[in-house]
Amino acid sequence: GLCPFTLHVNPVFDDISLGPKPLGPAVPTMGIRDAEDLPTAIAFAELAHGEGSFARLEAALGARVAHFLGAEPAS
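This section reports on the structure supplied with the text. Quick caveat: nothing in here was measured; it's all calculated off a predicted structure.

## A look at the overall build of the protein
Turning to step 1, where the next piece is worked out: Within the protein, the regular secondary structure consists of two helices and zero strands.
Turning to step 2, where the next piece is worked out: Considering the protein as a whole, with its 75 residues, one finds that 15% of them fall into the buried category.
Turning to step 3, where the next piece is worked out: Summarising the internal contacts of the protein: among those between residues at least 6 apart in sequence, 29% fall at separations of at least 24.

Dropping the structure here:
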């Protein structure tokens, strides 16, 4: 199905807050420094939107931890 949320990838930062520049006041904005962090960000966004589960988020975070510890590649 269609993605129920918007993922805007743009490296523009707000000059006052030094955070990611939002598309508008009603649009939640999250800064992502590395493209490899996108799967984790998507897992959080799905959970926040009600489309994901804690189990799915926990699995995504577990995969990232394993990747950082060198146990397995991140998926």
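## Describing the pattern of salt bridges
Turning to step 1, where the next piece is worked out: Summed over all chains, the structure comprises three salt bridges.
Turning to step 2, where the next piece is worked out: Of the charged contacts, one joins Arg 64 and Glu 36 as a salt bridge, the two residues approaching to 3.7 Å between their closest N and O atoms. Separated by 28 residues along the polypeptide, Arg 64 in helix 2 (residues 54–69) and Glu 36 in the segment before helix 1 (38–49) bring together distant segments of the chain.
Turning to step 3, where the next piece is worked out: Taking the relative accessible area as the measure of exposure, Arg 64 reaches 6% and is therefore buried.

## Details of helix 2
Three or four residues apart is the spacing at which side chains of an α-helix point the same way, because the helix has 3.6 residues per turn.
Turning to step 1, where the next piece is worked out: Here helix 2 is 16 residues long and its end C-alpha atoms lie 22 Å apart, about the 22 Å a rise of 1.5 Å per residue gives.
Turning to step 2, where the next piece is worked out: Buried positions along helix 2 lie against helix 1.
Turning to step 3, where the next piece is worked out: In the stretch just after helix 2, Gly 70 is the one whose phi turns positive, near 80°.

## Notes on a nonpolar patch on the surface
Turning to step 1, where the next piece is worked out: Taken together, the side chains of Met 30, Ile 32, Phe 44 and Leu 61 define a hydrophobic patch exposed on the protein surface, amounting to about 330 Å² of accessible area.
Turning to step 2, where the next piece is worked out: Take Phe 44: it is sitting in helix 1.

## Observations concerning the packing of helix 1 against helix 2
Turning to step 1, where the next piece is worked out: In contact at an axis separation of 9 Å, helix 1 and helix 2 are set at 165° when each is read in the N-to-C sense. Between helix 1 and helix 2, the angle is such that the two are roughly antiparallel. Crossing angle aside, the handedness with which helix 1 passes helix 2 is left-handed. Taken together, the residues of helix 2 that come into contact with helix 1 (itself represented by Thr 40, Ala 43, Phe 44, Glu 46 and Leu 47) are Phe 54, Arg 56, Leu 57, Ala 60, Leu 61 and Arg 64.
Turning to step 2, where the next piece is worked out: Grouping the amino acids of the contact of helix 1 with helix 2 by side-chain chemistry returns seven nonpolar, one polar and three charged.

## Let's talk about the environment of Gly 52
Turning to step 1, where the next piece is worked out: Position of Gly 52 among the secondary structure elements: in the loop between helix 1 and helix 2.
Turning to step 2, where the next piece is worked out: Given a relative accessible area of 23%, Gly 52 falls into the partly exposed group.
Turning to step 3, where the next piece is worked out: Along the primary structure Gly 52 and Ile 42 are separated by ten residues, whereas in three dimensions their C-alpha atoms are 9.4 Å apart.

Definitions and cut-offs
Residues numbered from 1 in each chain as written. Predicted model: local features only at pLDDT ≥ 70, side-chain atom pairs only at ≥ 80, totals over all residues. Heavy atoms only, no water. Helix = DSSP H or I, 4+ residues; strand = E, 2+ residues; numbered from the N terminus. Buried < 20%, exposed > 50% of the residue type's maximum accessible area, 1.4 Å probe, protein only. Contact = heavy atoms within 4.5 Å. Salt bridge = Lys/Arg side-chain N within 4 Å of Asp/Glu carboxyl O. Expected span 1.5 Å × (residues − 1). Patch = residues over 30% accessible without salt bridge, like charges linked within 9 Å, V, L, I, M, F, W, Y side chains within 5 Å. Areas by Shrake-Rupley, 256 points an atom, 1.4 Å probe, with all protein chains shown as cover. Axes fitted to C-alpha atoms, helices over the stretch in contact; angles between N-to-C directions. Parallel < 35°, antiparallel > 145°, perpendicular 65-115°, else oblique. Left-handed = near helix turned anticlockwise from the far one by under 90°. Nonpolar A, V, L, I, M, F, W, Y, C, P; charged D, E, K, R; others polar.

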